[in-house]
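# What the coordinates show
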Amino acid sequence: MPVVFMIFMLDKNNIPQHVAIIMDGNGRWAKERGQMRVFGHNEGMNALREIVKHSDILGVKYLTVYAFSTENWKRPIEEVSGIFKLLVKYVASELDELNRNNVMVNIIGDWSIIPEDAKKSVLKALETTKNNTGLVFNIAINYGGRAEIIRACNELIKEGKDSISEADFESKLYTNGCPDPDVIIRTGGEYRLSNFLTWQSAYSELVIVDCYWPEFNPSQYEAALEIYQSRNRRFGGL
Ligand code: FPP
């Protein structure tokens, strides 16, 4: 039987406006190398650095990454504190370049309860980049889609509304002002959304990539976007 290879080329005129990424597989990547899970997160941070740069080069307007979920607190304390230390390290090493590249950093999720040093780094990143007009880089920290929906409902209740529109609801989401993600890429080979962008993902294309997040590089990123471009988006129409 002949083997058919499908070769796509990334169409630079059809780059998704909003790319969201579930950066999964850091722990498995580390384990396969006989290393601690935090080592995998550290390599994951390096992969993230390259993907942010490449998003900007490709002309993506919004990039949203899942760095820490509302459920990740269940992990061992060393791993949780290791991830927040990486956030501090990431801001210390990348903020100048992000700012030079006109990237606006935004945090989605309830970051009021994260460790103090991480909170300071977040504040610095937000303050430094708040007037930038380039790539909007949303980092999801202590984020959960369900928690975000409940928070939005509570905000609307506080306003005393008895009936609301989708636009009213969206105005209370952390992603207010961002278009819904065109594509959600998940590395690590698993087929689920894990409480990520629960409302916003209604019509997002899902691209599951087999490699672990620390292995995900700009050429795999382009390959994932080529898969996205091969999809026929109908939004419920024909
Ligand atoms: C999921 O992989 C990954 C995370 C929960 C953490 C993601 C964090 C980073 C990429 C680095 C930190 C960067 C910043 C900006 C904070 P997993 O641990 O669930 O992997 P597994 O499925 O193999 O166990």
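Look above for the structure.
Notes on the structure in this doc start here. Note that the coordinates shown come from a computational prediction; the quantities given were computed from them, not determined experimentally.

Turning next to unusual backbone geometry. Glycine aside, residues mostly have negative phi angles, and peptide bonds mostly take the trans form. A positive phi angle, close to 70°, is found at Asn 102, a residue other than glycine. By the element assignment, Asn 102 lies in the loop between α3 (77-100) and β3 (104-108). A residue is classified by how much of its surface remains accessible, and Asn 102, at 28% relative accessible area, is partly exposed. Of note, the phi angle at Leu 197 is positive, near 50°, even though the residue is not glycine. Residue position: Leu 197 is located in the loop between β5 (183-186) and β6 (205-208). On the basis of relative accessible area, Leu 197 is assigned to the buried category, the value being 1%.

Near the ligand, the surroundings consist of 16 residues, among which Asp 24, Gly 27, Arg 28, Arg 37 and Arg 75 are the closest. Contact between the ligand and Gly 27: an oxygen atom at 3.1 Å from a main-chain N or O atom of the residue. The contact in question runs from an oxygen atom of the ligand to an N or O atom on the side chain of Arg 37, over 2.8 Å. Relative to its unbound accessible surface of 630 Å², the ligand loses 92% to contact with the protein. Contributions of two or more residues to the shell around the ligand are made by α1 (26-32) and α2 (37-58).

About the thresholds
Residues numbered from 1 in each chain as written. Predicted model: local features only at pLDDT ≥ 70, side-chain atom pairs only at ≥ 80, totals over all residues. Heavy atoms only, no water. Helix = DSSP H or I, 4+ residues; strand = E, 2+ residues; numbered from the N terminus. Buried < 20%, exposed > 50% of the residue type's maximum accessible area, 1.4 Å probe, protein only. Near = heavy atom within 4 Å. Polar contact = N/O pair within 3.5 Å; in protein donor to acceptor, adjacent residues only side chain to side chain. Areas by Shrake-Rupley, 256 points an atom, 1.4 Å probe, with all protein chains shown as cover.

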